[in-house]
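# Close look at the chain arrangement
Read off the chains here:
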Amino acid sequence: MIRRNIQLNEQGQLRHFLTIEGLKRQMLVDILDTAESLSGVTDQSVKKVPLLRGKTIVNLFFEASTRTRTTFELAAKRLSADVLNLNIAASATKKGETLLDTLHNLQAMHCDMFVVRHADSGAAHFIANHVAPHISVVNAGDGSHAHPTQAMLDMFTIRRIKGDFYPLKVAIVGDILHSRVARSQIHALTTLGVTEVRVIGPKTLMPKDVEALGVHVYHDLDEGLKDLDVIIMLRLQNERMQGESLPSEHEYFQLYGLTQERLDKAKPDAIVMHPGPINRGVEIESSVADGPRSVILQQVTHGIAVRMAVMSTCLGSHAEGGV
Ligand code: CP
């Protein structure tokens, strides 16, 4: 028996958005195209369209966030949805209520979508397996597993600036081992068909068998930067490290920090990306982060349109699929 992808409804449409792994190229292209068509809403004098009028979206952030939480909220509001931001620190989970009981109570309020960030890998899948059929779940980052909307906004940014994915050589640099962003980006880049994906970082921060994901591994940054079109920098995710041996931040910067001098080893029109939060002087020099080849703040802007696209696609699958 073939197991159905939990993210898809009976008609094969996207109901939940939990991971990019296993999604077809055309589904990713459709999300990017929808985001392109919705990106103009932000430039209108009235920044709203009625696509999700009458829907209720709950942001459940069990872990800190600046960009993801706020752009999900803005995206939902621009789609005319009602938005609840559950303050976890002040919620009944602090009185011992289980995650499932919290969810069942929110379900009883006739909510339509949960946007979930959690420190545990698999949390969004767990929730998706336990919600009522009319509810969609979007993964806003789970442990070191996946951050699919971040990867999609990164793909949107790359496509906007570079056009076709096919000829591109892209590198992800830094703490690959603990990065949910890197994992989702690798799945997105390989599915969308770039020429080459490289991962660059110290051996201690490289997952075992990462080559099986279709990437080339480099431990020397200067070597890995050659001929690149896109450089994606990552921060050291200290909160997910469990005694991995690491050099000091100063030493790390000497070996893996992106400086202007190093950037010159990539193609002259290479762009510099970072999902944020950036740690200046640890993985990236300020002059590069703020320089003309940095598209870091464009990534943040694109997060709104891409999250509008993901939410309207998932909730649209209920209307069309009759789930
Ligand atoms: N990129 C990202 O997930 O940032 P936040 O942690 O601020 O949401």
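Structure shown above.
Residues numbered from 1 in each chain as written. Predicted model: local features only at pLDDT ≥ 70, side-chain atom pairs only at ≥ 80, totals over all residues. Heavy atoms only, no water.

Before going further, it helps to examine the site of the ligand. Lining the immediate surroundings of the ligand are Ser65, Thr66, Arg67, Thr68, Arg117, His147, Gln150, Pro275 and Gly276. Here an oxygen atom of the ligand and a side-chain polar atom of serine 65 are 2.6 Å apart. At a separation of 3.3 Å, a nitrogen atom of the ligand approaches a polar backbone atom of glycine 276. When the free accessible area of the ligand is taken as 250 Å², the share hidden by the protein chains comes to 91%. For the shell around the ligand, the residue count by class is one nonpolar, six polar and two charged. (Near = heavy atom within 4 Å. Polar contact = N/O pair within 3.5 Å; in protein donor to acceptor, adjacent residues only side chain to side chain. Areas by Shrake-Rupley, 256 points an atom, 1.4 Å probe, with all protein chains shown as cover. Nonpolar A, V, L, I, M, F, W, Y, C, P; charged D, E, K, R; others polar.)

Let us look at unusual backbone geometry. Cis rather than trans, the peptide bond between glycine 276 and proline 277 has omega equal to -5°. As for its position among the elements, proline 277 is in the loop between β9 (271-273) and α10 (286-289). Of note in the backbone geometry, serine 80 takes a positive phi value of approximately 70° without being a glycine. Mapped onto the secondary structure, serine 80 falls in the loop between α2 (67-78) and β2 (82-86). The backbone of aspartate 209 shows a phi angle near 60°, a positive value even though the residue is not glycine. For aspartate 209, the position within the fold is in the loop between β6 (196-200) and β7 (216-218). With relative accessibility at 62%, the residue aspartate 209 sits in the exposed group. (Helix = DSSP H or I, 4+ residues; strand = E, 2+ residues; numbered from the N terminus. Buried < 20%, exposed > 50% of the residue type's maximum accessible area, 1.4 Å probe, protein only.)

Looking now at the pattern of salt bridges. Evaluation of the coordinates by the stated rule reveals 14 salt bridges. Of the charged contacts, one joins arginine 69 and glutamate 73 as a salt bridge, the two residues approaching to 2.9 Å between their closest N and O atoms. Here glutamate 73 and arginine 69 lie together in helix α2, a separation of four residues that amounts to about one turn. For glutamate 73, a relative accessible area of 16% corresponds to the buried category. The salt bridge involving glutamate 223 is made with lysine 226; its shortest N-O contact spans 3.1 Å. With a relative accessible area of 39%, glutamate 223 lands in the partly exposed category. Through salt bridges with shared partners, one network takes in Glu63, Arg180, Arg235, Glu239 and Arg240. (Salt bridge = Lys/Arg side-chain N within 4 Å of Asp/Glu carboxyl O.)

This next bit is on helix α6 (residues 180-192). The end-to-end C-alpha distance of α6 is 18 Å, a good match for the 18 Å that 13 residues give at a rise of 1.5 Å each. For α6, a buried count of ten out of 13 residues is recorded, marking the element as mostly surrounded by other parts of the structure. All buried positions along α6 are accounted for by Arg180, Val181, Ala182, Ser184, Gln185, Ile186, His187, Ala188, Leu189 and Leu192. Taking the backbone nitrogen of valine 181 as reference, a side-chain oxygen 3.3 Å away marks serine 179 as the first, capping residue of α6. With its phi angle positive at about 85°, glycine 193 sits one or two positions after the end of α6. (Expected span 1.5 Å × (residues − 1).)

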